[in-house]
Amino acid sequence: MSATTTPSVPTPTAPGSLPLIGHAHRLARDPLPFITSLRRHGSVVRIRIGPSPAYVVTDPALTRRVLVTDAAHFVKGGRIIDALRVFFGDGLATVADGDAHLRNRRLMQPMFNTSHIADRGHAMIGQVRTLVEAWPEDVPRDVCADMNRTALAAFLVALFGTDLPGHLENEFTALMPEIMKGTIRQTLLPAWITGLPLPANRTHAARAARLRTLIDQAVDHRSDRGRPSTADGTGEPSAECPRAAARREEGTERAGLFAALLTAEPPFTRQQLQDEVITLLTGAIETTGTTLAWALYEISRNPAIERLLRDELTTVCGDRPLRHEDLDRLVHVRRVLQEAIRKYGPAWMVTRTATRDVELGGHLVPEGADVVWSPYLHQHDPRVFPEPGVFDPDRWAPGRTPAAARGSFLAFGDGRRKCIGENFAWTELQIVLATVVRTWPRFTVTSPAPSARAVVTVKPDRLTMTFASVMSG
Ligand code: HEM
């Protein structure tokens, strides 16, 4: 045991464990009520998933120890990460803690700095507007599918630039929803089933291979465009004429965030580039897509919130198109999104593995045990967020946000494995929500009230909406 105090408190076990399966039935049937109920039993609660115990941390201060101060004793790992690694390889989200993770994180960080993202803002706004304006009027639409598609389009244009060939974009768009479904299946089933030569496993493997080929083609396309060129063709730097400078500027505008990855030193191998793009694609789409779907749902049933958003957009943009510089002034848009992220996760269960016996809140977490933390659980703590089931964007208004609320908003994680795409996510979320609200004066839910279904993210079980260009009544 380390400099930490000696464990003295017995760790409570959550009620309702069944022989052989433990609490797996609760996690499968009603995961969100189950995980939030654990707070009642203590700050660290033992559950069983099949035969293995897992320790769920319900106190945000202890979650910070797991993620930040004692992160060396709680490394990324567990069954879900092992299953994802089969598909993601050693991308940033699945690579083990240690030198390789630190190195790749350092190399990738520049892609996500504020100025690089701002450079892509214009292209993202154009891409999102084209998609959203093309929705046919008054026809019920699957909002999650639409939002995932829009998030993917925004991400592709940000990542690969504005000149990604259309056939590649179309194939990415067709493939990604299938890949996401297949990946979820692979993580839920035991490894001995996903390793069998079953048709579903083969199909998933073939799609994953196709995705790697598409990424290769996108990389080749980008590398050709991004290759440094010189006026005399020698590769030596030369005095640049204004036209060459203008061409280079234009190239920068067309290039994407990926250009920053291609110039990393030391360079990424081809396999690493594929692993990183797969990781980014899967990390970027459903997280933001489901957040946007929930935000639209909540706006559609809260007329006062909708009015505030529309007034803000009119004040900031008037009749002209949205610009990236507007985003900082869209404070209500940002609050609505933050509240959607608080209320609906989107991550609800994240795991670590204890590398040694560790004391946590007076409890012993034994070496090798899975440790679970849940942004959803912390963001539904009624002591920090009164009436957590109520959608109230004004919780995030200045003066109304106690320090505890900021500490319990853990949607993007914390510490060395914190979400690398957080800044990008805020930019994309604001662009998409602002564009939908500006394009469509009226949107109406046409399906029954959705239930939250926790799979990888917290998704609405069913959500269809119509969009119309005139206000009703
Ligand atoms: C609402 C949107 C998003 C949410 C709520 C979210 C949430 C998270 C969380 C909770 C983690 C940490 C997992 C852990 O501690 O094990 C994470 C990691 C990560 N996220 Fe996000 N994410 C979002 C959007 C994005 C976007 C847009 C990208 C890419 C552009 C992205 C890429 C990643 C990557 C690569 C990691 C792994 C970082 C590492 O381990 O060093 N995410 N995300």
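Located above this text is the structure these notes cover.
These numbers come from a predicted model, not from an experiment.

(A) Quick look at the overall build of the protein chain. In terms of helices and strands, the protein chain carries 18 helices and twelve strands. The globule rule puts the C-alpha radius of gyration for 473 residues at 23 Å, and the 23 Å found for the protein chain is close to it. Seen through its C-alpha atoms, the protein chain measures out along the principal axes to roughly 75 × 65 × 50 Å. The contacts of the protein chain with a sequence gap of at least 6 include a subset with a gap of at least 24, amounting to 75%. In the form shown here, the protein chain has an accessible surface area of approximately 21400 Å², with 56% of it arising from carbon and sulfur atoms.

(B) Broad picture of the pattern of salt bridges. Applying the stated criterion across every chain, the model contains 27 salt bridges. Ionic pairing is found between Glu-178 and Lys-181, a salt bridge with its closest N-O pair at 3.7 Å. A residue pair is termed a helical-turn pair when its members lie 3 or 4 positions apart in one helix, as Glu-178 and Lys-181 do in helix α8 (residues 166-188) at three residues. Taken together, the salt bridges that share partners define one network made up of Arg-39, Asp-381 and Arg-383.

(C) Geometry of the site of the ligand. Taken together, the neighbourhood of the ligand is formed by 28 residues, with Lys-76, His-101, Arg-105, Arg-352 and Cys-419 sitting nearest. The side chain of Lys-76 places a nitrogen or oxygen atom 2.7 Å from an oxygen atom of the ligand. Between His-101 and the ligand, the recorded distance is 2.7 Å, taken from a side-chain N or O atom to an oxygen atom. Those elements that provide at least two residues to the shell around the ligand are α5 (99-108), α13 (270-300), β5 (350-354) and α18 (422-439). The element best represented in the shell around the ligand is α13, accounting for six residues.

(D) Fine view of the sheet that holds strand β12 (residues 464-468). Strand order in the open sheet formed by three strands is β4-β12-β9, and the pairing between neighbours is antiparallel. Two strands in the sheet have a free side with no partner beyond their single neighbour: β4 (141-142) and β9 (442-445). Across four bridges, the pairing between β9 and β12 is antiparallel. Considered in β12, the bridge of Val-445 is made with Met-465. Those strands touched by α13 are β9 and β12, and its axis lies near 100° from that of β9.

(E) Quick look at the coordination of the iron atom of the ligand. Just one protein atom coordinates the iron atom of the ligand, and that atom is Cys-419 (SG), at 2.3 Å. Mapped onto the elements of the fold, Cys-419 is located in the loop between α17 (403-408) and α18.

(F) A look at a nonpolar patch on the surface. On the surface, a cluster of nonpolar side chains totalling about 300 Å² of accessible area is made up of Leu-18, Leu-20 and Ile-21. By the secondary structure assignment, Ile-21 is in the segment before α1 (24-29). Among the residues examined, Ile-21 registers a relative accessible area of 37% and is labelled partly exposed.

(G) Quick peek at the sheet that holds strand β2 (residues 52-57). As summarised here, the arrangement of the five strands in space is β1-β2-β8-β5-β3, forming an open sheet in which the pairing is mixed. Sheet topology places β1 (44-49) and β3 (74-75) at the edges, where each strand pairs with a single neighbour. In the sheet, β1 pairs with β2 via six bridges, with the strands oriented antiparallel. By the bridge assignment, Val-45 is partnered in β2 with Val-56.

(H) Geometry of the state of the cysteines. Counted according to the given criterion, the structure contains zero disulfides. With no disulfide of its own, Cys-144 has Cys-419 as its nearest cysteine by sulfur position, at a separation of 19 Å.

Criteria and thresholds
Residues numbered from 1 in each chain as written. Predicted model: local features only at pLDDT ≥ 70, side-chain atom pairs only at ≥ 80, totals over all residues. Heavy atoms only, no water. Helix = DSSP H or I, 4+ residues; strand = E, 2+ residues; numbered from the N terminus. Rg over C-alpha atoms; globule rule 2.2 N^0.38 Å. Contact = heavy atoms within 4.5 Å. Areas by Shrake-Rupley, 256 points an atom, 1.4 Å probe, with all protein chains shown as cover. Salt bridge = Lys/Arg side-chain N within 4 Å of Asp/Glu carboxyl O. Near = heavy atom within 4 Å. Polar contact = N/O pair within 3.5 Å; in protein donor to acceptor, adjacent residues only side chain to side chain. Pairing = 2+ DSSP bridges. Axes fitted to C-alpha atoms, helices over the stretch in contact; angles between N-to-C directions. Donors = N, O, S within 2.8 Å, 3.2 Å for Na, K, Ca; no water. Patch = residues over 30% accessible without salt bridge, like charges linked within 9 Å, V, L, I, M, F, W, Y side chains within 5 Å. Buried < 20%, exposed > 50% of the residue type's maximum accessible area, 1.4 Å probe, protein only. Disulfide = S-S within 2.5 Å.

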